[in-house]
Amino acid sequence: LHWSFGHARSLLAGAVALVIIVAASVPFFPRSFLPPFNEGTLTVNVLLNPGTSLAESSSIATLAEQLVMQVPEVTQVGRRTGRAELDEHAEGVHRSELDVDLGPSARSRAEVLGDLRDRLAVLPGGVSIGQPISHRLEHMLSGVQAQIALKVFGDDLDTLRTLAETIRGRLAANVPGLVDLQLERQVRVPQLRIAIDHERASLYGVSTAALLEKMQALTGGVVVSQIMEGSRRYDLVMRLADADRTTDRLADALIETPGGRVPLRLLARVEDADGPNQVLREGARRRIVVQANTDGRVDMAQAVAGIRAELARIELPPGYSTSLEGTFQAQEEAMQTIGVLALLSLAMIFTVLYSRYRSATLALIIMGNVPLALIGAVIAIWIAGQSLSVATLVGFVTLTGIAARNGILKISHYLNLSLHEGEKWGLALVLRGSAERLTPVLMTALAAGLALIPLTIGADAPGKEILHPVAVTILGGLVSATLLDTFVTPILFHRFGRPALERLRAEADAARHSAPAGAIPETF
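These notes cover the structure that comes with them.

## Details of the packing of helix H12 (residues 360-367) against helix H14 (residues 390-420)
Part 1 of the reasoning: Where H12 meets H14, the axes come as close as 8 Å, and the angle between the chain directions of the two elements is 135°. Our classification of the angle between H12 and H14 gives oblique. Every residue of H14 that contacts H12 at Leu362, Ile365 and Ile366 is listed here: Ala404, Gly407, Ile408, Ile411 and Leu415.
Part 2 of the reasoning: A per-class count over the contact of H12 with H14 returns seven nonpolar, one polar and no charged.

Encoded structure:
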């Protein structure tokens, strides 16, 4: 401390320079909504064209299982093809989901995923690789099981598909770092179209509703009874045989009318046609999605910036628009929200300190520990290779209160030494107060730091993804705040604290003379 007071200007200038440097480096952090999860399990989606038969889809999915098992880190694979009609996320048999368990690996996670994608690239259709919990978070945020969802809105489905395919091609060619880039499966599939001739149906005395009900029973079937086998029950469905549900045979199907049975061809036009396999809407508008993930080597923010730049160069037809959504959108909103809350927390800390010390100078000296803590926090994040996520931001906000505590311990002791122990203003006061408060400051910092060390070890272990960045941020901030506060706070108090101390001494003397005998003097 004797040395630091002789080099006060250099120390303060160095601290300010460090704060500026680390603050300037923050915009260059990779960004993400949440830290990358390591769930120990992968979810691989194999998506074929709608209309693919169950046998063909199962055959391709079996091939996908065999290719996945060739990756050394894969221990076991489970698969389901299609989803039940009453499932919350019903899917046709053209979609297969593989649950892949991973074992210990000498390779990085990005290398393992790259190996998987290279092996599965030979399959027809599209492949998307993610993780169970991550997929559900992505689905809740954008409605799509991918990190990035580019939604194209418009009226004509053919134009939507053409436009989406054009965008997909340009993104694949011009935006690095995107993988699993594919379109939502909106394609034309064969359909059997029955167009009712309302006039002729009325001439035969058949209402449109009754005719539709009969056609539904003939083609889709109607439940007429149930079959019980032990505790299980099965619906008994009656419908036309498959051979009788072709275009020509169905046109000859006899329909009951008040005048007798007549062929369906006299009441409706039966023809082969095609149509969209599904029509998806959002906000009452038709949409199709171009979805993608990042390969882990490119920052999400950079990939999104590239997509936005590419979209700015694409001229959309009138009435068509795009919306870029995904986890990055939640990250941007979280940044703004936490930024506002951080400013609010700093304002509340200043208010509490000012109400206690009745001095803006002393409050600001104590809060000077906050930027000192940010120095170590930012350096620790760079060393740990973490991204700027909600977890690290929560660590930053938490750190502001922890860092202010060190300053409170010292400033309060300086005041108490002067006001209640008769210590005169000067270098001796600051030296004594700093020495006597060194042990409490170190003990409180060590107690918190030692508790955080287990969370900083084994960052890739499943379950530590959220707590690890918080621990790294707080631990790094504690180290820098404790070390720099040892020199900076005494220097700042010695240089700027005397007017506030003299005013508090005058107030204390006035209160002492006016207080009744035996009153306990106020301490800080």
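Resuming the write-up.
## Quick notes on the pairing of strand E8 (residues 222-229)
Part 1 of the reasoning: Bridge count between E8 and strand E9 (residues 232-238): seven bridges; the pairing is antiparallel. What sits directly across from serine 225, in E9, is leucine 236.
Part 2 of the reasoning: Hairpin connection from E8 to E9: two residues lie between these consecutive antiparallel strands, with glycine 230 at a positive phi of about 65°.

## Overview of a nonpolar patch on the surface
Part 1 of the reasoning: Residues Leu438, Leu442, Met443, Leu446, Leu450, Ile453 and Ile457 make up a contiguous nonpolar surface patch of about 640 Å² in total accessible area.
Part 2 of the reasoning: Among the structural elements, isoleucine 453 can be located in helix H15 (residues 427-456).
Part 3 of the reasoning: On the accessibility criterion, isoleucine 453 (34% relative accessible area) is partly exposed.

## Some points on unusual backbone geometry
Part 1 of the reasoning: For aspartate 180, which is not glycine, the phi torsion reads 55° and is therefore positive.
Part 2 of the reasoning: Within the secondary structure layout, aspartate 180 lies in strand E6 (residues 178-183).
Part 3 of the reasoning: Residue classification places aspartate 180 among the buried residues on the basis of a relative accessible area of 12%.
Part 4 of the reasoning: Positive phi, close to 70°, is recorded for alanine 284, a residue that is not glycine.
Part 5 of the reasoning: For alanine 284, the location among the structural elements is in the loop between strand E13 (281-282) and strand E14 (285-294).
Part 6 of the reasoning: Accessibility expressed as a relative area gives 69% for alanine 284, which makes it exposed.

## Re the pattern of salt bridges
Part 1 of the reasoning: The final tally for this structure, using the stated rule, is 29 salt bridges.
Part 2 of the reasoning: Residues glutamate 310 and arginine 170 are paired through a salt bridge, measuring 2.9 Å at the closest nitrogen-oxygen approach. With glutamate 310 in helix H10 (residues 300-312) and arginine 170 in helix H6 (residues 157-174), this residue pair connects regions lying 140 residues apart in the sequence.
Part 3 of the reasoning: Arginine 287 is the salt-bridge partner of glutamate 282, the closest N and O atoms lying 3.4 Å from each other.
Part 4 of the reasoning: Taking relative accessible area as the criterion, glutamate 282 reaches 28% and is therefore assigned partly exposed.
Part 5 of the reasoning: Exposure remark for arginine 287: the relative accessible area of 9% places this residue in the buried category.
Part 6 of the reasoning: Among the charged side chains, a salt-bridge network with shared partners connects Arg80, Arg83, Arg95, Glu97 and Asp99.

## Concerning the environment of isoleucine 365
Part 1 of the reasoning: Tracing the sequence through the fold places isoleucine 365 in helix H12.
Part 2 of the reasoning: A relative accessible area of 6% places isoleucine 365 in the buried class.
Part 3 of the reasoning: What isoleucine 365 contacts, discounting residues up to four positions off in sequence, is Ile411, Thr489, Leu492, Phe493 and Phe496.

## Remarks on H14
Part 1 of the reasoning: An ideal rise of 1.5 Å per residue puts 45 Å on 31 residues; H14 measures up with 45 Å between its terminal C-alpha atoms.
Part 2 of the reasoning: At leucine 399, H14 shows its maximal bend, which comes to roughly 25°.
Part 3 of the reasoning: In terms of residue burial, H14 counts as a mostly covered element, since 23 of its 31 residues are buried.
Part 4 of the reasoning: Once H14 finishes, glycine 422 follows within two positions and takes phi at roughly 75°, a positive value.

## Some details on the packing of aromatic side chains
Part 1 of the reasoning: Scanning all chains against the criterion turns up four aromatic pairs.
Part 2 of the reasoning: For the pair tryptophan 425 and phenylalanine 493, a centre-to-centre distance of 5.5 Å together with 55° between the ring planes defines the contact as tilted. One end of the pair, tryptophan 425, is in the loop between H14 and H15; the other, phenylalanine 493, is in helix H16 (residues 467-496), and 68 residues separate them in sequence.
Part 3 of the reasoning: According to the relative accessible area criterion, phenylalanine 493 is buried, its value standing at 0%.
Part 4 of the reasoning: The structure contains a cluster of three or more aromatic residues connected by ring pairs, namely Tyr414, Trp425 and Phe493.

## Notes on the sheet that holds strand E3 (residues 95-102)
Part 1 of the reasoning: One open sheet accounts for four strands, arranged E2-E3-E1-E4; its pairing is antiparallel. Pairing within the sheet leaves two strands with one partner each, and these edge strands are strand E2 (74-81) and strand E4 (126-130). Strand-to-strand, the axes of this sheet are offset by a mean angle of 20°, without reference to chain direction.
Part 2 of the reasoning: Note that strand E1 (residues 41-47) and E3 share seven bridges and pair antiparallel. When the sheet's bridge partners are listed, leucine 47 is paired in E3 with arginine 95.
Part 3 of the reasoning: Packing of helix H3 (residues 54-69) onto the sheet brings it into contact with E1, E2 and E3, and relative to E2 it is tilted by some 170°.
Part 4 of the reasoning: The strands that helix H4 (residues 109-120) touches are E1, E3 and E4; relative to E4, the one it contacts most, it runs at about 160°.

Parameters and conventions
- Residues numbered from 1 in each chain as written.
- Predicted model: local features only at pLDDT ≥ 70, side-chain atom pairs only at ≥ 80, totals over all residues.
- Heavy atoms only, no water.
- Axes fitted to C-alpha atoms, helices over the stretch in contact; angles between N-to-C directions.
- Helix = DSSP H or I, 4+ residues; strand = E, 2+ residues; numbered from the N terminus.
- Parallel < 35°, antiparallel > 145°, perpendicular 65-115°, else oblique.
- Contact = heavy atoms within 4.5 Å.
- Nonpolar A, V, L, I, M, F, W, Y, C, P; charged D, E, K, R; others polar.
- Pairing = 2+ DSSP bridges.
- Patch = residues over 30% accessible without salt bridge, like charges linked within 9 Å, V, L, I, M, F, W, Y side chains within 5 Å.
- Areas by Shrake-Rupley, 256 points an atom, 1.4 Å probe, with all protein chains shown as cover.
- Salt bridge = Lys/Arg side-chain N within 4 Å of Asp/Glu carboxyl O.
- Buried < 20%, exposed > 50% of the residue type's maximum accessible area, 1.4 Å probe, protein only.
- Expected span 1.5 Å × (residues − 1).
- Bend = angle between axes of the 7 residues up to and from the residue.
- Phe/Tyr/Trp six-rings, centres within 6.5 Å; stacked < 30°, edge-to-face > 60°.

Nothing here speaks to function; it is geometry throughout.
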